[in-house]
Amino acid sequence: MLPNIGDYLVTDMFNEFVLIVRGQDGVIRAFSNFCRHRGSSLLTGRGNISMIRCPVHSWCYSLDGKLTRVPRPEGICHFDFDQYGLKPVRIERWDGLAQDTGTHAPSLFRLLRALQTTELIAQQDDGRFVPGHLNANSRDAARAGVESYRAWVDLLYTLRTGKSAFERIYGKRFYEYIQEDTARIERWDQAMAAVARDWIPAVLEVYDFTHHRVVADIGGGQGLFLAELLKLYPTMHGILFDQPHVIKGVRAKFQQAGLANRCIVVGGSFFDRVPTGADIYMICNTLADWNDRLGLDLLKACRRSIEADGTLLVVDRLLPPDDHPEYAELTFFDLFFLVLEEGRIRTQDEYAQLFKRAQFRLSRVLSTSSQFTVIQGEPI
Ligand SMILES: C[S@@+](CC[C@H](N)C(=O)[O-])C[C@H]1O[C@@H](n2cnc3c(N)ncnc32)[C@H](O)[C@@H]1O
Ligand code: FES
């Protein structure tokens with residue numbers, strides 16, 4: 001919306017006519033659509049202008065709302081132009097979001113305003129909408145790029161079909177889309193690293209790895225967890241498994257950290273086969289990405305490779321009972337997984353069911369100080 005300098009739109013917002021215009025500097029601003037002389041309406045509809053001229057007595061304003069010309073001001077003593085600029089309306093930030101998501105800005109504003117009442121988002125004094133206290137997860141999602149938000153636009157498609165809105169919009173699965181472009185990969189890695197900074201210390205705090213020899217991190221991304229683990233347990237070895245394009249730079253990182261002799265890096269798809277030789281298999285911040293069919297494929301691949309006395313640790317968000325303080329936030333984040341990849345945030349019972357179908361028994365659940373839970377399974 002308003003792609004060019006001078007493009008404007010007049011819209012009725014909260015019973016007030018608001019003029020939204022893109023200025024010479026490319027910034028979109030909003031003003032009350034009334035002249036500061038005698039309050040006449042300035043513009044109607046939409047179009048393109050180089051300045052704003054009041055049709056009644058020709059007071060003129062620049063596109064950033066400053067009063068620039070008053071016919072015959074010499075009759076007025078000490079006329080202060082600065083005092084008579086158009087009255088600004090705070091919209092810049094949600095307008096940017098509207099552009100990013102391809103939505104109608106004034107309507108998006110009304111949605112955001114309504115969502116504010118759920119505490120999902122909050123509006124700051126400067127007019128910016130930011131994730132509310134119920135929505136720490138969305139900050140992480142936002143770091144992954146605006147594409148992940150755009151999937152919400154086709155929520156209705158997901159509701160009708162149960163399928164990924166992201167795939168319908170972009171014509172490919174989320175991870176396929178990411179891997180096409182190095183900037184996307186980097187942004188995604190950074191987003192995952194930001195989330196991992198939260199859960200890694202929390203998991204290391206509650207789970208004692210002393211009795212394990214070799215840890216396989218399946219879908220281990222950039223190896224952040226393994227690096228921390230191997231530093232903490234100096235005799236332990238690790239296997240990092242992820243998609244071939246993801247692991248490219250990881251070997252060098254382990255080398256730099258002096259861990260290369262204790263860690264091997266393997267590429268492949270975890271839906272087909274994962275490496276053998278570990279006595280504990282970890283799936284961290286990954287299972288919720290997938291629907292039950294693919295989640296089951298992933299667990300079954302682990303089951304085929306794990307030793308009979310091996311351990312499975314899923315580290316992920318777990319949907320708590322509905323009286324839990326984080327329930328509301330997680331139910332919304334669950335929808336985010338749904339529109340993105342048909343994934344889901346599972347309850348403990350749902351994990352137990354899925355484990356069972358992959359021939360694991362859910363043996364232990366450990367809460368952590370982060371939003372992630374450790375869900376332990378044993379082969380049956
Ligand atoms: C949400 S990220 C989590 C990464 C890491 N475990 C962490 O917590 O930082 C999910 C990971 O699964 C990997 N992944 C997705 N599809 C995969 C596949 N078919 N085979 C192997 N890894 C895959 C992605 O490349 C990504 O690194
Ligand atoms: S009302 Fe606009 S110039 Fe007089």
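This one's a predicted model, so the numbers in the text were calculated from it and none came from an experiment.

Asks: I would appreciate a short explanation of the overall build of the protein in the present structure.
Replies: What the protein contains, in helices and strands, is 14 helices and 17 strands. Within the protein, the proportion of its 380 residues that are buried is 34%. Partitioning the contacts of the protein with sequence separation of at least 6, the portion at a separation of at least 24 is 57%.

Asks: Which parts of the structure should I look at to understand the sheet that holds strand S6 (residues 60–61)?
Replies: Hydrogen bonds between backbone atoms are what pair the strands of a sheet, whose relative direction is either parallel or antiparallel. Sheet architecture is open: 3 strands sit in the order S5-S6-S7, paired in antiparallel fashion. The outermost strands of the open sheet, each flanked by one partner alone, are strand S5 (52–53) and strand S7 (67–69). As defined by bridge partners, S6 adjoins S7 across 2 bridges and the pair is classed as antiparallel. Directly across from tyrosine 61, in S7, lies its bridge partner leucine 67.

Asks: How do you make sense of the packing of helix H8 (residues 182–206) against helix H9 (residues 224–232) when you look at a structure like this?
Replies: Closest axis-to-axis distance for the H8/H9 pair is 10 Å, and the angle between their directions is 30°. Considering how the two elements wind past one another, H8 and H9 form a crossing that is right-handed. Facing H8, whose interface residues are Ala193, Ala196, Ile200 and Leu204, H9 presents Leu224, Phe225, Glu228, Leu229 and Leu232. Here the residues of the contact of H8 with H9 sort into 8 nonpolar, no polar and 1 charged.

Asks: Please clarify how the site of ligand 1 should be interpreted in this entry.
Replies: What surrounds ligand 1 is a group of 17 residues, the closest being Met192, Gly219, Gly221, Ser269 and Asn285. Grouping the amino acids of the shell around ligand 1 by side-chain chemistry returns 8 nonpolar, 7 polar and 2 charged.

Asks: Got a minute to help me understand the sheet that holds strand S17 (residues 373–379) in this structure?
Replies: Taken in spatial order, the 7 strands of this open sheet run S13-S12-S11-S14-S15-S17-S16, and their pairing is mixed. Taken across any chain shown, the strands that pair with only one partner, and hence form the sheet edges, are strand S13 (263–267) and strand S16 (360–367). Going across the sheet, the axis of each strand differs from the next one's by a mean of 20°, ignoring polarity. In the sheet, strand S11 (residues 214–218) pairs with strand S12 (residues 237–242) via 5 bridges, with the strands oriented parallel. The residue bridging alanine 216 from the neighbouring strand is isoleucine 239, located in S12.

Asks: Please explain the nonpolar core as it appears in this structure.
Replies: A general trend in soluble globular proteins is that nonpolar side chains are found buried together. Core analysis: the biggest nonpolar cluster contains 64 residues, and Ala216, Ile218, Tyr281, Met282, Cys302 and Val315 have the highest contact counts within it. Not counting chain neighbours up to four residues away, the residues in contact with valine 315 comprise Trp199, Val203, Met282, Cys284, Asn285, Phe372 and Val374. If you look at the next biggest cluster of nonpolar residues, it comprises 17 residues, including Ile20, Ala30, Leu63 and Leu67.

Asks: I keep staring at the pairing of S16 and nothing clicks. Help me out?
Replies: Regular strands show a simple pattern: their side chains alternate between the two faces of the sheet. In the sheet, S16 pairs with S17 via 7 bridges, with the strands oriented antiparallel. Residue arginine 361 lies in a different strand from S17, and its bridge partner there is glutamate 378. Counting the residues in the hairpin turn of S16 and S17 gives 5 residues.

Asks: Quick question: what am I supposed to make of helix H13 (residues 327–341) here?
Replies: Since the α-helix turns once every 3.6 residues, residues separated by three or four places project in the same direction. Here H13 is 15 residues long and its end C-alpha atoms lie 21 Å apart, about the 21 Å a rise of 1.5 Å per residue gives. Looking only at H13, the buried set comprises Glu329, Phe333, Phe336, Phe337, Leu338, Val339, Leu340 and Glu341.

Asks: What exactly am I supposed to notice about the packing of helix H12 (residues 292–305) against helix H14 (residues 348–357) here?
Replies: Packed helix pairs are characterised by how far apart their axes lie and by the angle those axes make with each other. Here H12 crosses H14 at 55°, and the two axes come no closer than 9 Å. Here H12 lies oblique to H14, going by the angle between them. For the element pair H12 and H14, the recorded crossing hand is right-handed. Packed against H12, whose contacting residues are Asp292, Gly295, Leu296 and Leu299, the element H14 presents Leu354, Phe355 and Arg357 at the interface. A class-by-class count of the residues in the contact of H12 with H14 yields 4 nonpolar, 1 polar and 2 charged.

Reading guide: rules and limits
Residues numbered from 1 in each chain as written. Chains lettered and ligands numbered in written order. Predicted model: local features only at pLDDT ≥ 70, side-chain atom pairs only at ≥ 80, totals over all residues. Helix = DSSP H or I, 4+ residues; strand = E, 2+ residues; numbered from the N terminus. Buried ≥ 20, exposed ≤ 12 C-beta atoms within 10 Å, placed from the backbone. Contact = placed C-beta atoms within 7 Å. Pairing = 2+ DSSP bridges. Axes fitted to C-alpha atoms, helices over the stretch in contact; angles between N-to-C directions. Left-handed = near helix turned anticlockwise from the far one by under 90°. Nonpolar A, V, L, I, M, F, W, Y, C, P; charged D, E, K, R; others polar. Near = placed C-beta within 6 Å. Core = buried A, V, L, I, M, F, W, Y, C linked by C-beta atoms within 7 Å. Expected span 1.5 Å × (residues − 1). Parallel < 35°, antiparallel > 145°, perpendicular 65-115°, else oblique.

Scope: geometric values only; no functional claims are made or implied.
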